[in-house]
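Reading the structure
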Amino acid sequence: MKRILITGAAGFLGSHLCDLFIDKGYRVIGMDNLITGDLKNIQHLFPLEQFEFYNHDVSKFVFVPGEVDYILHFASPASPIDYLKIPIQTLKVGSLGTHNLLGLAKVKKARILVASTSEVYGDPLVHPQNEEYYGNVNPIGPRGVYDEAKRFQEALTMAYNRYHDLETRIVRIFNTYGPRMRLNDGRVIPAFIGQTLRGEDLTVFGDGSQTRSFCYVEDLMDGIYRLLMSDYYLPMNIGNPNEITIKDFAEEIIKLTGTSQKIIYKPLPENDPLQRQPDITKAKEILGWEPKTNRSNGIGITYDYFKSLSDQELRKSEHKSFENFIRP
Ligand code: UDP
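Okay, so let's go over this structure. (Residues numbered from 1 in each chain as written. Predicted model: local features only at pLDDT ≥ 70, side-chain atom pairs only at ≥ 80, totals over all residues. Heavy atoms only, no water.)

What follows covers the overall build of the chain. Within the chain, the secondary structure is distributed over 10 helices and 13 strands. Compactness check: the chain gives a C-alpha radius of gyration of 19 Å against a globular reference of 20 Å for 328 residues, within 12% of the reference. Here the contacts in the chain between residues at least 6 apart in sequence split such that 81% fall between residues at least 24 apart. Counting only carbon and sulfur atoms, one obtains 51% of the accessible surface of the chain, whose full area is about 14500 Å². Each charge sign in the chain was given a centre, from 38 positive and 41 negative side chains, and these centres are 3 Å apart. (Helix = DSSP H or I, 4+ residues; strand = E, 2+ residues; numbered from the N terminus. Rg over C-alpha atoms; globule rule 2.2 N^0.38 Å. Contact = heavy atoms within 4.5 Å. Areas by Shrake-Rupley, 256 points an atom, 1.4 Å probe, with all protein chains shown as cover. Lys, Arg positive; Asp, Glu negative; His and termini not counted. Charge placed at Lys NZ, Arg CZ, Asp CG, Glu CD.)

Structure (structure tokens):
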């Protein structure tokens, strides 16, 4: 049985990865410091003999006993509200955390895949974004702590690949959604669905003409698995190219959920990218991958998940506005 270490195991993506690799017959070591993750996402795995869990901050020295075949580094705050609240931890987990895990991979002779992001492209001047584009990032803006940590992570990972011959993979993840997202993480999908469930109006930031392209989590998992098992070591985009403006998306949510809420407009957060759409030519050609879930099905499943949460969780999740977190 192969053994895989998954950091950020109690988070949205990490917990789905734990499920995937348990299903595929691996021994899974989950690691998380639970700053943004939640044990309820993986509580169903604790009774399994092939699952173990460490409550640990990977920004500090990481060690696990025994053999490790693969490492997936998914520990990081990943929503703008989170990294505005905990900017230093965000910088540390992408830089020091990545360094610790690359070091562990070297010692264990493990293959490591790191979670990068479409944020490395910043507010892109090339559309759709292909992997050759270097990006347009403001290092000192509110998103800089995340974007630059992830850009440093990519540089460090490539250095370990080139100078230590380490087997590395880099996935650039575009906006992804599905069950186990946090209702109060500020991202647009939990925000809009939470608002419909609480009977509030939907808050569109700016005039809503900015675009995003949303990928259902199951499709992302399949792409990550294929990339890990491939020979491809350069960064690879994984996302759904189906692009929509945020205003149209708000209208779509109102229609899909059959609610009667209105749209209200709030100021656009600083450095909010105006457009985002992955070019997935490489993933198609090299991995034979493309997303299969259309938005209405994916949103339907996600809506049912949020609806199943208790009223208490729903109330707790009241949408916070960005202005509360930004210091000039
Ligand atoms: N957004 C919005 N209303 C909300 C939350 C987000 O209009 O209540 C917008 C946000 O400004 C951005 C887009 O939705 O343009 C996607 O935001 P999200 O935080 O989900 O992801 P990211 O900006 O990192 O792609």
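Our next topic: the pattern of salt bridges. Tallied over the entire structure, the rule returns 20 salt bridges. In this structure, the salt-bridge partner of glutamate 52 is arginine 3, at a minimum N-O distance of 2.8 Å. Linking glutamate 52 in strand β3 (residues 51-55) with arginine 3 in strand β1 (residues 3-7), this pair joins segments that are 49 residues apart in sequence. Judged by relative accessible area, arginine 3 falls into the buried class, the value being 13%. Where salt bridges share partners, they join Glu119, Arg143, Arg212, Asp272 and Arg276 into one cluster. (Salt bridge = Lys/Arg side-chain N within 4 Å of Asp/Glu carboxyl O. Buried < 20%, exposed > 50% of the residue type's maximum accessible area, 1.4 Å probe, protein only.)

The subject of this paragraph is the environment of lysine 40. As for its placement among the helices and strands, lysine 40 is situated in the loop between β2 (27-32) and β3. Under the relative-accessibility criterion, lysine 40 is labelled partly exposed at 37%. For the pair lysine 40 and leucine 197, spaced 157 residues apart in sequence, the C-alpha separation works out to 21 Å. When neighbours within four sequence positions are excluded, lysine 40 is seen to be in contact with Tyr305 and Glu313.

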